[in-house]
Amino acid sequence: MMNSVVKEVEQVTPTTVTIRFPWDEEVLPGQFIMVWIPGTGEIPISLSHLGPMKGITVKKYGPTSTILTEVGEGERIFFRGPYGNTFRKASGPKLIIGGGSGMAGLLPLIDEKAKGLVSARTSQELLFADRFRVGHVTLATDGGSAGVKGYAVDALKQMDLSGFSHIYVCGPELMLKSIYDYIREKGIKADFSLERTMKCGVGICDSCSIDGLQLCKDGPVFTETQISTMSEFGKYRLTESGKRVRL
């Protein structure tokens, strides 16, 4: 278990904060760490900021993430890792699709040429949409408070995808499933970063498995070819007790 002193905390949405801390370790886009709150629990979080000053972007969700959003500058953060694989490099124009807090793990992929599709329930929860160049991002919100009214896939259907060589997606699994179903016949390479219950991060507990693959060791990033073989994708997940339930 490692630890580092928090140097900066930024409130990026009403329910989401970015925590910056020094850590001299190479971490690749898409990889994650297991963050531990003593006495509460441990959760996996993708790195939103790389380089010597790392960063994680955390949304209030459960007990551990809620406490993390309340961490202040000068306090210590405890973690282990990095774990998992990374995104493939795009050979041409790329589209980055993030839903809710899933946009955090995609942030390191944004460059001047990247185009984005950022979705959330409300305009206040849109994450890192301002990191794309003006005119290079499409927004979608459930109620239409910003951008297209509806889900990410609704906005995607209004876009011309012919110019993209690669698509990167992260967010709720049902969102990923809808996007995969829409693009699977279009011949576009796509990387999907999945989010599932994870207790150990090293392939022991098997709580993050999907069709025999483990997110912590085989993922969390999977290609469109791998996704095509997953019968559980977008349908079932495992609880912490190992029970298989519908999404």
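Residue numbers here run from 1 along each chain, matching the order of that chain's written sequence. Only residues with pLDDT of at least 70 are given local features in this predicted model, and only at 80 or more are side-chain atom pairs given and counted; all residues enter the totals for whole chains, interfaces and linings. With hydrogens and water set aside, each side-chain value is computed from the structure's full complement of heavy atoms.

A. Structural view of empty space enclosed by the protein. For cavity detection a 1 Å grid was placed over the protein atoms alone, and a set of points counts as a cavity when a 1.4 Å probe fits there but cannot get out; an open set counts as a pocket when protein lies on both sides within 12 Å along at least five of seven lines, with lining residues being those that have an atom within 4 Å of a point. Grid points are joined across faces, edges and corners, and a volume is the space filled by probe spheres set on the points. As enumerated under the stated definition, the model contains one cavity of 30 Å³ or more in all. In this structure, the largest cavity occupies an estimated 30 Å³ of space. Around the largest cavity, the lining residues are T13, T16, K59, G100, S101, E125 and L127. Note that Gly is not counted as nonpolar here; it falls among the polar residues with everything else outside the nonpolar set of Ala, Val, Leu, Ile, Met, Phe, Trp, Tyr, Cys and Pro and the charged set of Asp, Glu, Lys and Arg. In terms of residue class, the lining of the largest cavity is made up of one nonpolar, four polar and two charged.

B. Inspection of the layout of surface pockets at higher detail. Looking at the second largest pocket, its volume works out to about 240 Å³. In this structure, the second largest pocket is lined by 14 residues; those nearest its centre are K89, A90, K94, D111 and Y168. Its residues assigned to classes, the lining of the second largest pocket shows seven nonpolar, two polar and five charged.

C. Local environment of the sheet that holds strand β6 (residues 53–59). In this scheme, strands are said to pair when DSSP sees at least two bridges between them. The numbering of helices and of strands both runs from the N terminus, where a helix is a DSSP run of H or I of at least 4 residues and a strand a run of E of at least 2. As summarised here, the arrangement of the seven strands in space is β1-β7-β4-β5-β6-β3-β2, forming an open sheet in which the pairing is antiparallel. Edge strands, defined here as strands with exactly one partner in the open sheet, are β1 (2–5) and β2 (8–13). On average, each strand axis in the sheet is inclined to that of its neighbour by 40°, with strand direction left out of account. With four bridges connecting them, strand β4 (residues 32–37) and strand β7 (residues 76–83) associate as antiparallel partners. Residue pairing in the sheet places V35 in a bridge with F79 of β7. Axis definition: a line fitted to C-alpha atoms, limited for helices to the stretch in contact. Angles are taken between N-to-C directions and run from 0 to 180 degrees.

D. Expanded view of the nonpolar core. Grouped together as the largest cluster of nonpolar side chains are 35 residues, with contacts concentrated most on I97, L156, I179, F192 and L194. Looking at this core, the elements that each hand over two or more residues are β4, β8 (94–99), α2 (152–156), β12 (166–170), α3 (173–183), β13 (189–193) and α4 (215–218). Contacts are residue-level and defined by heavy atoms, with any inter-residue pair within 4.5 Å sufficient. Contacts of L194, omitting those with residues within four sequence positions, involve E173, L176, I210, L215, P220, F222, I227 and F233. Definition of nonpolar core: a set of buried residues of the types Ala, Val, Leu, Ile, Met, Phe, Trp, Tyr and Cys, connected through side-chain atoms within 4.5 Å. For every residue, the accessible area obtained with a 1.4 Å probe (protein chains only) is divided by the maximum for its type, and the residue is called buried under 20%, exposed over 50%, and partly exposed between those limits.

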